[in-house]
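# Examining the three-dimensional arrangement
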Amino acid sequence: MRCPTLADARELLAWRPPLGVVSVYLEIDPADRRGGWRTALRNALDDLVEATDDREHRARVTLRDCAGRVPERFAEADHDNLGRGQVGFVEVAGRNGEERWWRTQLPLPGPTCAYLSSAPVLAPLVDLAGRSAPRGAVVLSAERIRLFERTPGHLEELHDWELTLFSGEWRERKAPTVAPLHTRGVSASGRDQNAERLDHNRQRFLTECGQLVRAAGSERDWPEVVAFGTPPEVERFVAGIPAADSPSLVAGPAVDLVSEPSTVVLEQVERAFADLDAERDRRLVERTLGEIRPGGRATGGVEETEAALVMARVEHLVVAGGLAPLDPPCEDHWPGGSDDSGDDSVSAGSEPLVRRALCSGAEVSVVDAGAAELLNPFDGVAALLRY
């Protein structure tokens, strides 16, 4: 079971089963071996069923059967394979109803919750997808480079390149390095020539590996690569990745990790990406708020932003993390309710804004911590405009 992506969220936009969808966001504590998360799931589904007592009988009975089916999925599940959370969308239908599930190693935006609506609730999924995208990480020295792909909580080593000093060439590491041969009685001029040749080979090694990393990142659609190492080596490595090309390269902490085990590298990578994301969110929010002025290209607040979304003027929607997607979780426009117009704009919460942004091709960012606090005067919502 893979992590969710923004492509998954966009694909779900058009899915509207006749009797609606139950959207499940299940939080799983890795340390909870007693299954408390199962109780939380059942309680969330029970609350959802109880909230539909005034709905049409057939839809209510089908919903009850659907809600009973969801916990069965996890009855025999291996706790170690569930990740930090599970995200699922279950058609309100009989046993053959459609289901779509994803696993995540990220903490969910909130506690376990189930939503009932005419279409999947996508706002929390967009948040998870934005934070789950694979990215590259490189740990390097003058003579060795290790390339990793990072997804939350996991690091996969893709390449391990090493400069073989005795030949002036470099190769991908397959076995322990053979020690270089030593000579005696080298003159001062000979030592200078050897040092110059070694420096040239190191430069070539770092530059060419930079080009290989850029190619790997472009093939895997990484938005960026973070490089860990001492500044001189990182600067040489950056020369292999032109600034205008994708992925971009970001210098990480100046630490020597090239000989460390993957578990140590993962700790440093996770910390670096958390800092990088927080700084990027802060810059995005500050840029957006700076445009909220007469004649500026931004909106702040729910009403102004929704009006701009209706006119397809929004280029980048920014939403504070933790906003409820729907309030209440049982949407008033669920099939079988008193009003089934399907107009998402009347629903409270961030969900209608996120759906409109996805439909119009706008970018969506969910920001947390300090960046989210900057949005407080605007009810947690702002947007950069196309025009």
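Conventions and cut-offs
- Residues numbered from 1 in each chain as written.
- Predicted model: local features only at pLDDT ≥ 70, side-chain atom pairs only at ≥ 80, totals over all residues.
- Heavy atoms only, no water.
- Helix = DSSP H or I, 4+ residues; strand = E, 2+ residues; numbered from the N terminus.
- Axes fitted to C-alpha atoms, helices over the stretch in contact; angles between N-to-C directions.
- Parallel < 35°, antiparallel > 145°, perpendicular 65-115°, else oblique.
- Contact = heavy atoms within 4.5 Å.
- Nonpolar A, V, L, I, M, F, W, Y, C, P; charged D, E, K, R; others polar.
- Buried < 20%, exposed > 50% of the residue type's maximum accessible area, 1.4 Å probe, protein only.
- Pairing = 2+ DSSP bridges.
- Arc of directions from axis to C-beta.
- pLDDT = per-residue confidence, 0-100.
- Core = buried A, V, L, I, M, F, W, Y, C linked by side-chain atoms within 4.5 Å.

## A few points about unusual backbone geometry
Positive phi values are uncommon outside glycine, yet D221 reaches one of about 65 degrees. Residue placement: D221 occurs in the loop between helix 5 (188-219) and strand 9 (224-228). Located in the positive-phi region is D379, a residue other than glycine, with phi close to 55 degrees. Position of D379 relative to the elements: it lies in the loop between helix 10 (369-374) and strand 14 (381-385).

## A few points about the packing of helix 2 (residues 36-50) against helix 3 (residues 57-72)
Relative orientation of the contacting elements helix 2 and helix 3 amounts to 175 degrees, with a least axis distance of 10 Å. In terms of their interaxial angle, helix 2 and helix 3 are classed as roughly antiparallel. Where helix 2 abuts helix 3, its residues L41, R42, L45, L48 and V49 lie against L63, R64, A67, V70 and P71. Class assignment of the residues belonging to the contact of helix 2 with helix 3 gives a composition of eight nonpolar, no polar and two charged.

## Some thoughts on the pairing of strand 14
Here strand 14 lies mainly inside the structure; five of its five residues are buried. Covered by surrounding structure in strand 14 are V381, A383 and L385 together with A382 and L384, the residues of both alternating faces. Direction of pairing for strand 11 (residues 298-300) relative to strand 14: antiparallel, over a ladder of three bridges. By the bridge assignment for strand 14, T299 is matched with A383.

## A few points about the sheet that holds strand 3 (residues 99-104)
Within the open sheet, the four strands sit side by side as 3-2-1-4. Their pairing is antiparallel. At either end of the open sheet lies a strand with only one pairing partner, and these are strand 3 and strand 4 (113-117). Ignoring strand direction, the axes of neighbouring strands in this sheet form an average angle of 10 degrees. Relative to strand 3, strand 2 (residues 85-91) runs antiparallel, the two sharing six bridges. The residue of strand 3 that forms the bridge with G88 is W101. On the sheet, helix 3 packs against strand 1 (21-27), strand 2, strand 3 and strand 4 and is oriented at approximately 150 degrees with respect to strand 2. With respect to the sheet, helix 4 (residues 123-132) is in contact with strand 1, strand 2 and strand 3, its orientation differing from that of strand 2 by roughly 140 degrees.

## Some details on helix 6 (residues 231-238)
It helps to recall that an α-helix has 3.6 residues per turn; residues three or four apart then point in one direction. All of the buried residues in helix 6 are E233, V234 and F237. Seen from one end, helix 6 has its buried residues packed into an arc of 100 degrees, which puts them on one side.

## Considerations on the confidence of the model for the protein
Per-residue confidence for the protein averages 86 on the pLDDT scale, and 87% of its residues sit at or above 70. Low pLDDT, under 50, characterises residues 175-183; the stretch is placed with five contacts to residues that sit more than four places away or in other chains. Every residue in residues 337-347 scores below 50 in pLDDT, and together they form 22 contacts with partners more than four places removed in sequence or on other chains.

## Considering the nonpolar core
Counting residues in each nonpolar core, the largest one holds 33 residues, and the members touching the most others are F89, L125, V314, L317 and L358. If near-sequence neighbours (up to four positions away) are discounted, V314 is found in contact with T305, A308, L309, A362, A383, L384, L385 and R386. Of all hydrophobic cores here, the second largest spans 24 residues; its members include L45, L63, F74 and W101.

## Re the sheet that holds strand 11
With mixed pairing, four strands are arranged side by side in an open sheet as 11-14-12-13. The sheet is open, and its two borders are formed by strand 11 and strand 13 (363-367), each paired with just one other strand. Neighbour to neighbour, the strand axes of the sheet diverge by 15 degrees on average, direction disregarded. Inspection of the sheet shows strand 12 (residues 314-320) paired to strand 14 by five bridges, in the antiparallel sense. Within strand 14, the residue paired with V318 across the bridge is A382.

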